[in-house]
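Per-entry structural report
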Amino acid sequence: MTESTLNKLKILAEAARYDVSCSSSGTVRNNKDKGIGNTVGGIGVCHSFAADGRCISLLKVMMSNVCLYDCAYCISRRSNDIPRATLTVKELVNLTIEFYRRNYIEGLFLSSAIVKNPDFTMECMVQVAKELREVHRFNGYIHLKGIPGASLELINLAGRYADRMSVNVEIPKQKSLQYLAPEKNHKNIYEPMKYINTAVLENREDRRSLLHVPRFIPAGQSTQMIVGASDDTDHDILTLSSSLYRAKSMRRVYYSGYVSVNTYDSRLPALKQPPLVRENRLYQADWLMRFYQFRADELVDPKNPNLDLDVDPKIGWALRHPEFFPIDVNKAPYEMLLRVPGIGVKSANLIVNARRYRALGSDHLKKIGVVLKRAQYFIVCRELPSAVIGDLSPEYVKLRLMLPSGPSRRTVDRYPSLF
Amino acid sequence: MLYTFDGTFDGLLSCVFDAFARKEDVTEVLRTWDEIPLFCLDAMRHVDTELAHARRVWLKLEKCMSRTVLNSLVKSFLYAPVEVSFYSTLFRFICRAMVSEIRIEGDFGDADVLAVLNNSRKVSYEASRMRQFVRFQKAVNGTYFAMIEPLYDVLPLAIGHFVDRFADSRFIIYDRIRDYGFFYDGKESHRIVLSSDAPHMVTGNLDETIADADEAMFKKLWRTYFNATAIPERTNPRKQRQDMPHRFWKYLTEVNGV
Ligand code: SF4
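Residues numbered from 1 in each chain as written. Chains lettered and ligands numbered in written order. Predicted model: local features only at pLDDT ≥ 70, side-chain atom pairs only at ≥ 80, totals over all residues. Heavy atoms only, no water.

As for the overall build of chain B
So the rule is basically this: Secondary structure elements follow DSSP: runs of H or I of four or more residues count as helices, runs of E of two or more count as strands, with numbering from the N terminus. Note on classification: 1.4 Å probe, protein chains only; a residue is buried when its accessible area is under 20% of the maximum for its type, exposed when over 50%, partly exposed between these limits. Residues are treated as being in contact if the distance between any of their heavy atoms lies within 4.5 Å.
Looking only at helices and strands, chain B has 10 helices and 8 strands in total. For chain B, the C-alpha atoms occupy an extent of roughly 65 × 45 × 40 Å along the three principal directions. Across the 258 residues of chain B, 52% fall into the buried class. Intrachain contacts of chain B at a sequence separation of at least 6 include 67% that bridge at least 24 residues.

Brief notes about the overall build of chain A
Rule in force here: Atoms considered for the radius of gyration are the C-alpha atoms alone. The globule rule reads 2.2 Å times the number of residues to the power 0.38. Accessibility throughout is a Shrake-Rupley quantity obtained with a 1.4 Å probe, and a residue counts as covered only by protein chains that appear here. The charge count includes Lys and Arg as positive and Asp and Glu as negative, but it does not include His or the ends of the chains. For charged residues, the charge sits on one atom: NZ in Lys, CZ in Arg, CG in Asp, CD in Glu.
Across its full length, chain A carries 15 helices and 10 strands. Computed over its C-alpha atoms, the radius of gyration of chain A comes to 23 Å, within 12% of the 22 Å expected for a compact globule of 419 residues. With the C-alpha coordinates of chain A rotated into their principal frame, the extents come out at 70 × 55 × 40 Å. The buried share among the 419 residues of chain A stands at 58%. Considering only residue pairs separated by 6 or more positions, chain A has 67% of its internal contacts joining residues 24 or more positions apart. For chain A, the accessible surface area stands at approximately 17,700 Å², while carbon and sulfur atoms represent 54% of it. Looking at chain A, you have 59 positive and 43 negative side-chain charges, and the mean spots of the two groups are 5 Å apart.

Things to note about the domain arrangement of chain A
Operational definition: All domain edges in this entry derive from an automatic or database-based domain assignment.
Partitioning chain A into domains gives domain 1 (3–222 + 230–253) and domain 2 (313–418). Relative placement of domain 1 of chain A and domain 2 of chain A: their C-alpha centres are 39 Å apart.

A few points about the interface of chain B and chain A
Selection rule: In this description, buried area is defined as the sum, over both parts, of the accessible area (probe of 1.4 Å) that is lost when the two are combined. Each polar contact in these results corresponds to two N or O atoms within 3.5 Å; when the atoms are within protein, one needs to be able to donate a hydrogen and the other to accept it, and residues that are neighboring in sequence are counted only if both atoms are side-chain atoms. Residues are sorted three ways: Asp, Glu, Lys and Arg are charged, Ala, Val, Leu, Ile, Met, Phe, Trp, Tyr, Cys and Pro are nonpolar, and all the rest, Gly among them, are polar.
In this complex, chain B contributes 60 residues to the contact, which on the side of chain A involves 61 residues. Of the roughly 5,400 Å² buried where chain B meets chain A, counting both sides, 57% is carbon and sulfur surface. The largest share of the area that chain B buries against chain A comes from R165(B), Y225(B) and R234(B), three residues that together contribute 16% of it. Inspection of the region where chain B meets chain A yields 33 residue pairs in polar contact (both at pLDDT 80 or more). Residue assignment for the side of chain B that touches chain A shows that the elements contributing at least two residues are α5 (111–133), α6 (155–165), α8 (215–228), α9 (237–243) and α10 (253–256) of chain B. When residues of the side of chain B that touches chain A are assigned to their parent elements, the largest contribution, 11 residues, is made by α8(B). Considering only residue class, the side of chain B that touches chain A consists of 26 nonpolar, 14 polar and 20 charged.

Some points on the site of the ligand
As a reminder, the rule being used: Summary of the distance rule: residues count as near a molecule or strand when at least one heavy atom falls within 4 Å of that molecule or strand.
Taken together, C67(A), Y69(A), C71(A), C74(A), R77(A), A113(A), I114(A) and K184(A) form the complete shell of residues around the ligand. Looking at the shell around the ligand residue by residue, the class counts come to 6 nonpolar, no polar and 2 charged.

Concerning the side chain of R165(B)
Looking at the element boundaries, R165(B) is found in helix α6. A residue is classified by how much of its surface remains accessible, and R165(B), at 0% relative accessible area, is buried.

Comments concerning the sheet that holds strand β8 (residues 189–192) of chain B
Quick reminder of the rule: Each pair of strands is called paired provided DSSP finds at least two bridges between the two strands.
The 5 strands are arranged β4-β5-β6-β7-β8 (chain B) in an open sheet whose pairing can be described as mixed. On the outer flanks of this sheet lie β4 (137–138) and β8 of chain B, each paired with one strand and no other.

So this is what it looks like as structure tokens:
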């Protein structure tokens, strides 16, 4: 490792940072035969937090940024005059192992620009994963990007070493994608995704009935969409997400607020700031779909194609459905508790337990962690109800909920860290 | 009645045993060296830790609560040193669990039950932060070294994770506040106490005389990576501090500047 590696690492980490996925979740693998590493299940481990507040879990780096393509939204596009670099297999393996041993990271997230052609690129990436697993007996996390257009045999090979793979959709509508990234098309993206899905499910089946079948991408796949580079609406985005989640192996869809890197390209909007609020609302909506049993069409529809930026989508839904409230926390089923703004999964669980012992009042709810400031308009509990949404108007409740509430306490539902 | 005990978990269970055996009405439980509350007029008694007594209480507890709750109970005990009134809470919680006809563990409307759950979460959270924020440096002899200062005594909860993960190496994780650590020698881990005059026992940082030749380079690579991976247009120091509180920065290679 020398100064030249240092320079390459800088260039290729900067190139990789616009891919937001960093999660190390989804696999449980104990250390085998005194090798190095294990993978803890659940939500993964964030080892650090960068100056932008995002979690650093994996060494997220491009193998190379020497790209054949010219996607409008990408910093590494062919027509940009920027420093280019390629890390060797040996350098990548070394960095991963040495960083891992110091407990800096959970593993490697390797992506790449298209060097020479998709197959060549994918092959080099597979080589890195293979060496980590077979030469260094590395049991930590490996996330490999599936290169659109690479052969399915190579994707299959990659899947034997990777915990997770991802092929990025980037732009939700085919028409917009063609406009911004003429060398790409949805077929080259969805084909490997579908292939991965089938192979993962088959592998799970096989492992159930046969002994000693090696695992294939145990942590499933993820993907990413760029938000705000094209004129696609939240409705387009969330409808696509919800159909992607129908594939059993699809664990996460990430949303990446577009950072204006190529301001000279007139096909792109000139944004001063990435659309962070919109991105956050999309994550919240995504969260509601995955854990709160909301459907995409409950959150957005052709009449309201974009999420309300002012309020959390859960509040948005509640305000559009005053007839659903107030609900009685001492009686309502769990699923209904989940729909109340200010009640999260954790507090809903505590409530269903606690109310078997006594009728709960607002004091109990507060201690349990319910955010009464918001929940108060939507519930009744042991005490007499205060004014609820049916008596007030949705517009009024919305205004009240948007009032700032002191500097320190967070006013939104506690969604766990989003990256 | 006020009980004092030696601060161990078995000691606390011994207090429970005594309270039942002697039918005493105990309002407060403290460690021998804790400050006695002002205006306390109650009689005081010191309870000696009796392993046999503690064991009987524990066996009874295993019958009146689930494994998960027993776990929370033990974990939340580690929280008590920072808020000593919590010993009395734990004491009440255990006594109530033993006499109650129904299982009390889901009764989150009760302040004691909720406090046990919440404090055990704080302890688990601190243990998981060790998994996140421990940073090793490699020493000349190949042993990896890390210093920590956790809020609670969570090293015993976290060490298993590192032993599994780095099974093929040798390492030390040292709790500077409680002045002990674990040394894993490649086969098993030992509890150790190191003499505290070496400079790295104060700073947590191995200087060039004892660090591996490549250590400085990898620190530099990691810092370079750490800075390069942040998107400048999204700078958000508030969120960074929220998820990585300042108290950890001293030993975090990427931000401590040593
Ligand atoms: S293929 Fe497109 S998105 Fe990927 S690195 Fe090249 S220009 Fe960027």
